[in-house]
Amino acid sequence: MTKLVEWLFGVSVVVAAWALVSFDLLDLSLPQTYREVAWPMPLYLLVSFGCYSLATVGYRVATFNDCDEAAKELQGQIKEAKEDLRKKGLKM
């Protein structure tokens, strides 16, 4: 089972549970407060997901590894390219 199918299955279960509680499709006779809490739940989940995503991106940026060897290698390649272009007559 692919990750997409897993996520779609999970989302469909949550949506089905939300619809059952919000619209009382099975005549469960739930108290009105349950429906009042369940109605804005998709918005709460969306905001929570956005906060989690922002925190994850911020953490990954803060803990990003520096690659000193790769930076030195790239600087060397840039110098080499500039020298090659100067030999071919390009002025920088």
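Residues numbered from 1 in each chain as written. Predicted model: local features only at pLDDT ≥ 70, side-chain atom pairs only at ≥ 80, totals over all residues. Heavy atoms only, no water.

### Some thoughts on the overall build of the protein
Then step 1. The helix and strand inventory of the protein stands at 4 helices and 0 strands.
Then step 2. Along the protein, helices and strands appear, N-terminal first, in the series α-α-α-α.
Then step 3. Taking 12 Å as the expected radius of gyration for a compact globule of 92 residues, we find that the protein reaches 27 Å, considerably beyond that expectation.
Then step 4. Along the first, second and third principal axes, the C-alpha atoms of the protein reach 85 × 30 × 25 Å.
Then step 5. By residue count, 4% of the 92 residues in the protein fall in the buried class.
Then step 6. Total accessible area on the protein is roughly 8,500 Å²; 67% of this is exposed by carbon and sulfur atoms.
Then step 7. In the protein, the 10 positive side-chain charges and the 11 negative ones have mean positions that sit 15 Å from each other. (Helix = DSSP H or I, 4+ residues; strand = E, 2+ residues; numbered from the N terminus. Rg over C-alpha atoms; globule rule 2.2 N^0.38 Å. Buried < 20%, exposed > 50% of the residue type's maximum accessible area, 1.4 Å probe, protein only. Areas by Shrake-Rupley, 256 points an atom, 1.4 Å probe, with all protein chains shown as cover. Lys, Arg positive; Asp, Glu negative; His and termini not counted. Charge placed at Lys NZ, Arg CZ, Asp CG, Glu CD.)

### Observations regarding the UniProt feature "coiled-coil region" (unreviewed entry) in the protein
Then step 1. In the numbering used here, UniProt assigns the feature "coiled-coil region" (unreviewed entry) to residues 64-91.
Then step 2. The straight-line gap between the two end C-alpha atoms of residues 64-91 is 37 Å; of that span, 71% is helix and 0% is strand. (UniProt positions renumbered as here; feature names shortened; annotations may be inferred.)

### Comments concerning a nonpolar patch on the surface
Then step 1. A contiguous nonpolar surface patch, about 760 Å² in accessible area, is contributed by Val14, Val37, Met41, Leu43, Tyr44, Leu45, Leu46 and Val47.
Then step 2. Counting residues per element, the nonpolar patch draws most heavily on helix H3 (residues 41-62), which supplies 6 residues.
Then step 3. Among the secondary structure elements, Leu43 is positioned in helix H3. (Patch = residues over 30% accessible without salt bridge, like charges linked within 9 Å, V, L, I, M, F, W, Y side chains within 5 Å. Salt bridge = Lys/Arg side-chain N within 4 Å of Asp/Glu carboxyl O.)

### Section: the packing of aromatic side chains
Then step 1. Summed over all chains, the structure comprises 3 aromatic pairs.
Then step 2. Members of the aromatic cluster, each reached through a chain of ring pairs, are Trp18, Phe23 and Trp39. (Phe/Tyr/Trp six-rings, centres within 6.5 Å; stacked < 30°, edge-to-face > 60°.)

### Topic: the side chain of Asp24
Then step 1. Position of Asp24 relative to the elements: it lies in the loop between helix H1 (3-23) and helix H2 (32-38).
Then step 2. The exposure class assigned to Asp24 is buried, which follows from its relative accessible area of 15%.
Then step 3. Engagement of the side chain of Asp24 in a polar contact is seen with the backbone nitrogen of Leu28, the distance being 3.0 Å.
Then step 4. Here Arg35 takes part through its side chain, which lies 3.2 Å from a polar atom of the side chain of Asp24.
Then step 5. Residues in contact with Asp24, not counting those within four places in the same chain, are Ala19, Ser29 and Arg35. (Polar contact = N/O pair within 3.5 Å; in protein donor to acceptor, adjacent residues only side chain to side chain. Contact = heavy atoms within 4.5 Å.)

### Quick word on the side chain of Ser22
Then step 1. Of note, Ser22 is situated in helix H1.
Then step 2. Overall, the relative accessible area of 10% leaves Ser22 in the buried class.
Then step 3. Those residues in contact with Ser22 that lie beyond four places of it in its chain are Arg35, Ala38 and Trp39.

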